[in-house]
There are 2 protein chains.
Amino acid sequence: MSDYKDFEMPLAEAMTTQRAIRRLKPDPVDDALVLQLIELALKGPTAQNQQQWEFIVVKDPEVKRKLGRMNRIMWRLYRPFARRAARNDVKAEKLNRATEWGVEHFEDVPVYVVACFRGNRFAFPPVVAASTYGSIFPAVQNLLLAARAVGLGANINTMPLWSNFAARRILGLPFGLTPCVMIPLGWPIGRYGPTTRRPVGEVTSLDQYGNRAWQQA
Amino acid sequence: MSDYKDFEMPLAEAMTTQRAIRRLKPDPVDDALVLQLIELALKGPTAQNQQQWEFIVVKDPEVKRKLGRMNRIMWRLYRPFARRAARNDVKAEKLNRATEWGVEHFEDVPVYVVACFRGNRFAFPPVVAASTYGSIFPAVQNLLLAARAVGLGANINTMPLWSNFAARRILGLPFGLTPCVMIPLGWPIGRYGPTTRRPVGEVTSLDQYGNRAWQQA
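Residues numbered from 1 in each chain as written. Chains lettered and ligands numbered in written order. Predicted model: local features only at pLDDT ≥ 70, side-chain atom pairs only at ≥ 80, totals over all residues.

1. Things to note about the overall build of chain A
Selection criterion: Helix and strand assignments come from DSSP, with helices taken as H or I runs of at least 4 residues and strands as E runs of at least 2, each series counted from the N terminus. As a reference, a globule follows 2.2 Å times the number of residues to the power 0.38, and the radius of gyration itself is taken over C-alpha atoms. Any residue with 12 or fewer other C-beta atoms within 10 Å of its own C-beta is exposed, any with 20 or more is buried, and the rest are partly exposed; the C-beta atoms used are placed from the backbone.
Across its full length, chain A carries 7 helices and 5 strands. The C-alpha atoms of chain A give 18 Å as radius of gyration, which agrees with the globular expectation for 217 residues (17 Å, within 12%). Seen through its C-alpha atoms, chain A measures out along the principal axes to roughly 55 × 45 × 40 Å. Burial status across chain A gives 46% buried among its 217 residues.

2. Thoughts on the environment of K64 of chain B
Residue and element names in this part refer to chain B. To keep things clear, this is the line we draw: Residue pairs are scored as contacts if the distance between their C-beta atoms, which are placed from the backbone, is within 7 Å.
Relative to the helices and strands, K64 resides in helix α3 (residues 61-85). Residue classification places K64 among the buried positions, given that 22 C-beta atoms sit within 10 Å. Along the sequence, K64 and T178 sit 114 residues apart, while their C-alpha atoms lie 18 Å from each other. In this structure, K64 is in contact with V58, F106 and E107, ignoring residues within four places of it in sequence.

3. Some details on the interface of chain B and chain A
Many structure descriptions define interface size as the accessible area lost when the parts assemble. Selection rule: When residues are grouped by polarity, Ala, Val, Leu, Ile, Met, Phe, Trp, Tyr, Cys and Pro land in nonpolar, Asp, Glu, Lys and Arg in charged, and all others, Gly among them, in polar.
Taken together, the contacts link 78 residues of chain B with 78 residues of chain A. Within the residue set of the side of chain B that touches chain A, elements represented by two or more residues are α1 (11-16), α2 (31-41), β1 (53-58), α5 (126-133), α6 (137-149), α7 (164-171), β4 (177-186) and β5 (204-206) of chain B. By residue number, the principal contributor to the side of chain B that touches chain A is α6 of chain B, which donates 9 residues. For the side of chain B that touches chain A, the residue count by class is 50 nonpolar, 19 polar and 9 charged.

4. Observations regarding the packing of α3 of chain B against α7 of chain B
Residues and elements named next belong to chain B. The line we're drawing: The axes are straight lines fitted to the C-alpha atoms, using for helices just the contacting stretch, and the angles between their N-to-C directions are given from 0 to 180°. The cut-offs work like this: below 35 degrees is roughly parallel, past 145 is roughly antiparallel, 65 to 115 is roughly perpendicular, and the gaps in between are oblique.
As a packed pair, α3 and α7 sit with axes 10 Å apart at the nearest point and diverge in direction by 175°. With respect to their mutual orientation, α3 and α7 come out roughly antiparallel. For the pair formed by α3 and α7, the contact residues are V63, K66, L67 and M70 on the first element and A166, A167 and I170 on the second. When grouped by side-chain class, the residues that make up the contact of α3 with α7 number 6 nonpolar, no polar and 1 charged.

5. Looking at helix α6 (residues 137-149) of chain A
Residues and elements named next belong to chain A. The test is simple: How far a helix is expected to stretch is found by multiplying one less than its residue total by 1.5 Å.
For α6, with 13 residues, the first-to-last C-alpha span of 18 Å sits near the 18 Å given by 1.5 Å per residue. In terms of residue burial, α6 counts as a mostly covered element, since 13 of its 13 residues are buried. Where α6 terminates, the next one or two residues include G151, which has phi positive at roughly 80°.

6. Description of the sheet that holds strand β3 (residues 153-154) of chain A
Threshold: For two strands to be treated as a pair, DSSP must find at least two bridges joining them.
Pairing is mixed in the open sheet, where 5 strands are placed in the order β3(A)-β4(A)-β2(A)-β1(A)-β5(B). Looking at which strands have only one partner, the edges of the open sheet turn out to be β3 of chain A together with β5 of chain B. Here 8 bridges tie strand β2 (residues 111-118) of chain A to strand β4 (residues 177-186) of chain A, and the two strands are oriented antiparallel to one another. Of the residues in β4 of chain A, the one forming a bridge with A115 of chain A is V181 of chain A.

7. Examining the pairing of strand β2 (residues 111-118) of chain B
Working note: regular strand, side chains alternate between the two faces of the sheet. Residue and element names in this part refer to chain B. Among the 8 residues in β2, 7 count as buried, and that is most of the element. With 6 bridges connecting them, β1 and β2 associate as antiparallel partners. Each residue of the ladder has a partner; that of V57, found in β2, is V113.

8. Observations concerning the relation of the copies chain B and chain A
As a reminder, the rule being used: C-alpha atoms of residues with pLDDT of at least 70 in both copies form the basis for the least-squares superposition of the copies.
In screw terms, the move from chain B to chain A is a rotation of 180° and a rise of 0.0 Å along the axis, fitting with an RMSD of 0.0 Å. The transformation just described matches what one would write down for a two-fold rotation axis. Looking at the interface residues of chain B, 100% of them are also at the interface in chain A, so both copies use one shared face.

9. Structural notes on the sheet that holds β1 of chain B
Read from one edge of the open sheet, 5 strands run β5(A)-β1(B)-β2(B)-β4(B)-β3(B), paired in mixed fashion. Looking at the sheet topology across the chains shown, the edges are occupied by β5 (204-206) of chain A together with β3 (153-154) of chain B. Strand direction decides the pairing type here: β3 of chain B and β4 of chain B, joined by 2 bridges, are antiparallel. Across the sheet, A154 of chain B pairs through a bridge with L185 of chain B, a residue of β4 of chain B. The strands touched by α7 of chain B are β1, β2 and β4 of chain B; relative to β4 of chain B, the strand with the most contacts, the crossing angle is about 70°.

10. Comments concerning the environment of P188 of chain A
All names here are of chain A. Structurally, the position occupied by P188 is in the loop between β4 and β5. With 167 residues separating them in the primary sequence, P188 and I21 have C-alpha atoms 6.7 Å apart. When sequence neighbours within four positions are dropped, the list of residues in contact with P188 reads I21, R23, L24 and G153.

11. A closer look at the packing of helix α5 (residues 126-133) of chain A against α5 of chain B
Taken N-terminus to C-terminus, the directions of α5 of chain A and α5 of chain B make an angle of 80°; their axes are 10 Å apart at the nearest point. By the criterion of interaxial angle, the relationship of α5 of chain A to α5 of chain B is roughly perpendicular. Across from A129, A130 and Y133 of chain A in α5 of chain A, the residues of α5 of chain B making contact are A129, A130 and Y133 of chain B. Across the contact of α5 of chain A with α5 of chain B, the residue classes tally to 6 nonpolar, no polar and no charged.

12. A word on unusual backbone geometry
Residue and element names in this part refer to chain A. A positive phi angle is found at N88, which is not glycine, with a value near 60°. Relative to the elements of secondary structure, N88 occurs in the loop between α3 (61-85) and α4 (90-104). By C-beta crowding, N88 is classed as exposed, having 6 other C-beta atoms within 10 Å.

13. Points about the confidence of the model for chain A
To keep it simple, the criterion reads: Confidence of the predictor in every single residue is expressed as pLDDT, which spans 0 to 100.
Confidence in the prediction for chain A averages 95 pLDDT; 98% of positions are at 70 or higher. Across the interfaces of the predicted complex, the ipTM metric reaches 0.96, alongside a pTM of 0.96.

This is the structure we're talking about:
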């Protein structure tokens, strides 16, 4: 497990070609590979180096079916808003179609990783929320980058976990663990490739918000 | 800005040697490098690809002084608890000393990056909190990994932002932007190097929490 020779992609290449891959083949993914992804996730920083996390690897069709049902319930509620927001927006429409695909093929995805954190706090005030979620999402991002490096499709999905109560019951989680995100893993039908972003100078200020010191004329 | 030749470290090497580097030299860091770090941060995923973020680069001594004051107030409150928790725990004591160093030398750090998200929501229920914070911390982790790749010291600090009200005033942020973390950047006095983590099988379950399918005997 300590050999990471499959993860030697240059850092910048992994970052600049990371995409949410939602269309995944049903072909199996080796457990050993999934565990390596989680192992690299564990390298992420946590507040006070507490490492208060748990990961559930979901492969059982029955568990998938129950989480897929939760996912469908939320998507049916949310879909009309997503569709309205996507009118005349080609990119948002494309994203909706990919989400829809993920909902319809939920049970066909070979593996899910559910990332959980210990604690069931009200995430308030914001400084507490930042500590809590800032101690799980760096790990999640490591997992996604590692998946990208080996060409394995992945994305972040929170919809199946909208009811923490139901998610805890389905996954046998004690009250002290909060399921945070669900990451579908599988060999991609689509492709990884470069993403587009606004120029850095448009979202960066110097010393005071709005002082766009690096904005291109 | 589109040339990332300084960030070609293999992904796994960057991840397995990422550490919170708190002791930083006062030597300046090139703006161009800081902007490249933020540019790679922007490649991180966001919920619905909304990219609702802003980054403030802090170099002005007066702005640092005000944030350093907020940091000291919180550390003085928190320190007794941190010290008590660290009794008989060499690692935690070491972490406390590094934190103390960061508090004392706050104004000497050459650059800070404050990552903010748009929105000022109560982060509740957890699924909403996960979307909100899950749309900023992947970017933060990209920034930290990119810093590691070029040997620049960095860590996550939330203490100076404990009062969102004060932080907004100091940074000129409108109410609709929430400052989330403050990342000190500087050339390290210490060194990057391998970290230790519990074995993956001890924090990973199969299908149901507690089913330790991959735990070593």
